[in-house]
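The chain contents come next:
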Protein chains: 2
Amino acid sequence: MVALDVGGTDVKAAIVAADHTVIHRVRRPTRREHGVESVLATITATAADLAAECRRQTGRAPLAAGVVVPGIVDERTGRAVFSANLGWRDLPLRDLLTQQLDLPVALGHDVRAGGIAEGRLGAARGVDEFVFVALGTGVAAAHVVGGRAQRGAHGGQGELGHLVIRRWGPRCGCGNVGCLETYASADAIARQYMRTAGTLSDPRTDISAEQVSRLALADDPVAGAVWSQAVAALADGLVACVTLYDPALIVIGGGLARSGPALFDPLRAALADRLTFQPHPEVVAAELGSEAGCRGAALLAQDLITSAAWHPAAEATA
Amino acid sequence: MVALDVGGTDVKAAIVAADHTVIHRVRRPTRREHGVESVLATITATAADLAAECRRQTGRAPLAAGVVVPGIVDERTGRAVFSANLGWRDLPLRDLLTQQLDLPVALGHDVRAGGIAEGRLGAARGVDEFVFVALGTGVAAAHVVGGRAQRGAHGGQGELGHLVIRRWGPRCGCGNVGCLETYASADAIARQYMRTAGTLSDPRTDISAEQVSRLALADDPVAGAVWSQAVAALADGLVACVTLYDPALIVIGGGLARSGPALFDPLRAALADRLTFQPHPEVVAAELGSEAGCRGAALLAQDLITSAAWHPAAEATA
């Protein structure tokens, strides 16, 4: 299987065997700054290189490709409906890639695929109903029930990053104000730190959200304030997830989950503070880390070739 | 089928034939002010009276009973886990009623049952994925996917009334602050009107939420302000539902849906204002009105006797 997780910054890609072993990994810049055409070129070149590598290493062509992308994705029609980060609107991405790669392609949503991967291979093994939250450049959630990530009527379920947390908050890229992403995404945390520290306009002082979390643990007052605000906003968003989804477990993945106790200790405390009558779900770190989306893409590709019903092209090659 | 919808104020009950015709209706005070035992006595007496009426009118005993209640309900175990309104905690209600009524009993959640009824018999016929919102003494939502109302891991999904809308808002009965119910439940609207009009302590001036909506339409400034605040809070709650569930349709039921255009016109405008990239679902009034829960209870009873797997007792009598 060839698997690609197309993010705002990088494409994480891998060759994955049927027993879920990762045979080969690559990571390339998405090049979204050059527009949709350039993102598409990155996807097809990466997939083609991996297919060649697969033939070289295993002597066989890959059976299928799984490609997962952010934003609103309609898995049924194979369309990438909307992504603020990647700039596309209603793109028939599955069919485009099927043609260009000459392979059956499963198109999925990055976070829903990550949720499926955590459920089958990671932190939520054996849990029937859980929420997977990806904290990175963006923030999104997948509500997984009985091994399936719920999609919604238009493929737009789980847009946790655009839940309005503070109605007086900052303007979000989506056009609304006070969305969770404006407080708790990696970008927002880094920018808020630099703004508060007065270094926003100085590129030499660029800092990552992970560095902010480490500074906060080391009692840096600016980092502490920024980090607390992000954790509080995230807790508010998770309480909304608990109230509307009622999961047994919350799995936190994405780059920010690497912050470890700096994230999980105050987050669990804030949740315990805010939940009243609702059953309290456990909150744990994802096990597949930043690979969840890519591993999920491989699972989608595998499901595609074991179920020809998913995509007609699969019949010919399975 | 004997069907009961146990609310905070009234029990709405009916005898319903297999073709969904309502043969007989009754409505009785729940008598929650006398405690859990008294609520249970109301339920069993009402069900017994309906069973007798069923024998009188049709010459046959009912095949099953469906009972739906508010709060957190675990349909799988038949337990009423929690209801602030009715005062119970972890009550094995299905088994208690099965014994007392000597009938197979399906226990359900009032709003999930109402959602199922609107999906099979009402405003959401033919819609695969929708949200049913009950606006009454309380506020709750059911997310219905493929004819099934999602329950959550603990039977607590859809507690929309306890979504925090304003973190600086009033204290809610659930222990949190600023829950949607403190703005947009029928009680909250009536009380807020009386508080603003300065008549809260005068029982002669008791007013209903429906009257507030009519006064608001007639340009009463106090009613207008209270109503606008309720509609704005409700719109914020529905935007959260759209963001996390992505439904194709929102069906509004419960007593407040009777307010008609006074509710739906500003609510649709407020949703259109607040939604940015999300697909906009249609917002329509429930067709079954305040009967949705009771009709849903009848459907649960019917499902029980057509699927003996649901409850072992059904096998003997179906």
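Please read these numbers as outputs of a predicted model, since none were measured by experiment. The written sequence of each chain sets the order in which its residues are numbered from 1. Lettering for chains starts from A, numbering for ligands starts from 1, and both go in the order in which the items are written. Reporting in this predicted model follows two pLDDT cut-offs: at least 70 for local features of residues, and 80 or more for side-chain atom pairs to be given and counted; totals over whole chains, interfaces and linings ignore these cut-offs and use all residues. Computation of side-chain values: all heavy atoms of the structure, hydrogens and water removed.

*Asks:* Explain the relation of the copies chain B and chain A residue by residue, including any values.
*Replies:* In the superposition of chain B on chain A (RMSD 0.0 Å, axial shift 0.0 Å), the rotation amounts to 180°. Given the turn and translation reported, the copies of this chain are related as if by a two-fold rotation axis. Of the interface residues in chain B, 100% have counterparts in chain A that sit at the interface too, so the contact is made through matching surfaces. When the copies are superposed, the least-squares fit draws on C-alpha atoms of residues that have pLDDT of at least 70 in both. The contact definition used throughout considers only heavy atoms, calling two residues in contact when any of these lie within 4.5 Å.

*Asks:* Describe the packing of helix H5 (residues 186-197) of chain B against helix H6 (residues 209-217) of chain B, naming the residues involved and giving the relevant values.
*Replies:* All names here are of chain B. Every angle, taken between N-to-C directions, lies between 0 and 180 degrees, and every axis is a line fitted to C-alpha atoms, over only the stretch in contact when it is a helix. Each helix is a run of DSSP H or I of at least 4 residues and each strand a run of E of at least 2, with the numbering of both proceeding from the N terminus. Following both chains from N to C, one finds H5 and H6 inclined at 60°, their axes separated by 8 Å at the closest point. Judged on the interaxial angle alone, H6 and H5 are oblique. The hand of the H5/H6 crossing is left-handed. Along the contact surface, H5 presents Ala186, Ile189, Ala190 and Tyr193, while H6 presents Ala209, Val212 and Leu215. Our angle categories are set so that under 35 degrees counts as roughly parallel, over 145 as roughly antiparallel, 65 to 115 as roughly perpendicular, and the remainder as oblique. Crossing handedness is read from the near helix: turned anticlockwise from the far helix by less than a right angle, it gives a left-handed crossing, and turned clockwise, a right-handed one.

*Asks:* Can you tell me about the domain arrangement of chain A, naming the residues and giving the values?
*Replies:* Residue and element names in this part refer to chain A. One can read the domain layout of chain A as domain 1 (2-112 + 292-317) and domain 2 (123-286). Contact with domain 1, which involves 11 residues of that partner, is made by 16 residues of domain 2. Between domain 1 and domain 2, the buried area comes to about 1,100 Å², and carbon and sulfur atoms account for 54% of it. Simply put, the buried area is the total loss of 1.4 Å probe accessible area from both parts when two parts are fitted together. Counting the surface domain 1 buries against domain 2, the share from its top three residues, Arg76, Val111 and Arg112, is 55%. When a carboxyl oxygen of Asp or Glu is within 4 Å of a side-chain nitrogen of Lys or Arg, the pair counts as a salt bridge. Our enumeration of links across domain 1 and domain 2 arrives at 0 salt bridges. By the criterion applied in these results, polar contacts are pairs of N or O atoms within 3.5 Å in which, for protein atoms, one can donate a hydrogen and the other can accept it, and in which residues neighboring in sequence qualify only through two side-chain atoms. Counting across the interface, domain 1 meets domain 2 through 4 residue pairs in polar contact (both at pLDDT 80 or more). Of all the secondary structure elements, the ones that give two or more residues to the side of domain 1 that touches domain 2 are strand S5 (72-74) and helix H3 (110-121). With 3 residues, the top contributor of residues to the side of domain 1 that touches domain 2 is S5. Taken together, the residues of the side of domain 1 that touches domain 2 break down into 4 nonpolar, 3 polar and 4 charged. Per the annotation, domain bounds derive from an automatic or database assignment of domains. Three residue categories are used. Nonpolar comprises Ala, Val, Leu, Ile, Met, Phe, Trp, Tyr, Cys and Pro, charged comprises Asp, Glu, Lys and Arg, and polar comprises the others, including Gly.

*Asks:* Describe the side chain of Arg274 of chain A, naming the residues involved and giving the relevant values.
*Replies:* Of note, Arg274 of chain A is situated in helix H8 (residues 261-274). Burial classes: relative accessible area under 20% of the type maximum marks a residue as buried, over 50% as exposed, and values in between as partly exposed (1.4 Å probe, protein chains only). On the basis of relative accessible area, Arg274 of chain A is assigned to the buried category, the value being 14%.

*Asks:* Residues and numbers for the packing of helix H6 (residues 209-217) of chain A against helix H7 (residues 221-245) of chain A, please.
*Replies:* Residues and elements named next belong to chain A. For the pair H6 and H7, interaxial distance at closest approach is 8 Å and the crossing angle is 115°. As the angle between them shows, H6 and H7 are arranged roughly perpendicular. Every pair of crossing elements has a handedness; the one defined by H6 and H7 is left-handed. Contacts between H6 and H7 involve Ala209, Val212, Ser213, Leu215 and Ala216 from the first element and Ala223, Gly224, Val226 and Trp227 from the second. Of the residues assigned to the contact of H6 with H7, the class counts are 7 nonpolar, 2 polar and no charged.

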